[in-house]
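Close look at the chain arrangement
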Amino acid sequence: LDVVKTRLQTEPGRYAGPLECATTLYRNEGAATFAQGVGATLAGYLLAGSLSFGVFEVFGRAVAEAAGAGNALFFATPLLALASVLATCVCATALCPFEAVRILSVRAGESSSAALRTQVEAEGALSLFRGLPALLIKEVPFVVTKFVVFDRVSALILATVPELCEQPAFAAALPFVAGSIAGVASVLASQPADVVLTRTNDEGATLGGAIADLRASPRLALQGLAPRLLFGVLLVTLQFVLYTQLRASLGVAKTDLTLVWDALSVLRVVGQ
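Residues numbered from 1 in each chain as written. Predicted model: local features only at pLDDT ≥ 70, side-chain atom pairs only at ≥ 80, totals over all residues. Heavy atoms only, no water.

Re the pattern of salt bridges
Oppositely charged side chains can pair when the atoms bearing their charge come close. Rules: Basic side-chain nitrogens of Lys or Arg form a salt bridge, by our definition, when they fall within 4 Å of a carboxyl oxygen of Asp or Glu. Think of it this way: any DSSP run of H or I at least four residues long counts as a helix, any run of E at least two long counts as a strand, and we number them from the N terminus. Classification of residues uses two cut-offs on accessible area relative to the type maximum, computed with a 1.4 Å probe and protein chains only: under 20% is buried, over 50% is exposed, and between them is partly exposed.
For the coordinates displayed, the defined rule picks out 14 salt bridges. Put simply, R102 and E99 hold a salt bridge, and the shortest N to O gap is 3.0 Å. Taken together, the positions of R102 and E99, both in helix α5 (residues 76–108) and 3 residues apart, correspond to about one turn of that helix. A relative accessible area of 2% means that R102 is categorised as buried. Put simply, E123 and R130 hold a salt bridge, and the shortest N to O gap is 2.6 Å. Its relative accessible area of 35% is what places E123 among the partly exposed residues. Taking the relative accessible area as the measure of exposure, R130 reaches 23% and is therefore partly exposed.

This is the structure we're talking about:
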């Protein structure tokens, strides 16, 4: 899905849609083409995924403490968004070089290692961070929307049908429903920035140039939207399902995460 999305964005107008793109790639380049960039994708999302929820929990607690109990209650959604932004900045910086290699690999039809070697030899290692501003522009709305929409939709469903809250089947289905809605909202919120990110990683491209291209041809913002929607819904839903199920199976509640943070704070003070 991600290979098809990237090809649609880097070669606008060449394919009539995602299905034609997928069939053309399969016919001309074989099934292996859909694995392009898989090494960078695995490494990058392993790192970013490991950081994402943990860093978000840390920033969420820190922001709530700084705001105070009263403000944390009345401004829960803005504080949730702020914690998401801070966590995203950390994760996006870690993900950026891997995302650059993935895009370069798919665009050039090379392996991740070959794309990395070619890019570093041509423009240096720092060029892998050229897309960081564009990645932040993409990831901030994506992640903030993901967390805020999931939180609000879950709260709305629980408030609407409180009698179902104790049923195991309902509890298991909740992250699927809320995660799917959050996935759609996240993709729509970040789609234009995703196109900008892909175009920023073209040879010699700049953030300003990519934005100018989008401004000159607004239809570019729709390139790759269909596979991205499917990919985003699957990704976000799976994230929240795994996260909630693992917490439930391990018996970890929100308060437990708070207690761990308190314990670490005490150890830090004792160590000093």
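Regarding the packing of α5 against helix α6 (residues 112–123)
Where we set the bar: Helix axes are fitted only over the stretch in contact, all axes being lines through C-alpha atoms; the angle between N-to-C directions runs from 0 to 180 degrees. Angular relationships are summarised with four words: roughly parallel below 35 degrees, roughly antiparallel beyond 145, roughly perpendicular across 65 to 115, and oblique for the angles in between. Should any heavy atoms of two residues lie within 4.5 Å, those residues are counted as being in contact. By the convention adopted, Pro, Cys, Tyr, Trp, Phe, Met, Ile, Leu, Val and Ala count as nonpolar, Lys, Arg, Asp and Glu as charged, and the other residues, Gly among them, as polar.
One way to put it is that α5 packs onto α6 with a least axis distance of 8 Å and a crossing angle of 105°. By the criterion of interaxial angle, the relationship of α5 to α6 is roughly perpendicular. Here V101, L104 and S105 of α5 lie close against α6, whose contacting residues are S112, A115, L116 and Q119. A class-by-class count of the residues in the contact of α5 with α6 yields 4 nonpolar, 3 polar and no charged.

Brief notes about the packing of helix α7 (residues 132–160) against helix α10 (residues 225–249)
For the record, the criterion: When the near helix sits turned anticlockwise from the far one by under a right angle, the crossing is termed left-handed; a clockwise turn instead gives a right-handed crossing.
Closest axis-to-axis distance for the α7/α10 pair is 12 Å, and the angle between their directions is 50°. With respect to α10, the element α7 is oriented oblique. Crossing geometry of α7 relative to α10 is assigned as right-handed. Residues K138, F142, K146, F147 and F150 of α7 pack against R228, V236, Q239 and F240 of α10.

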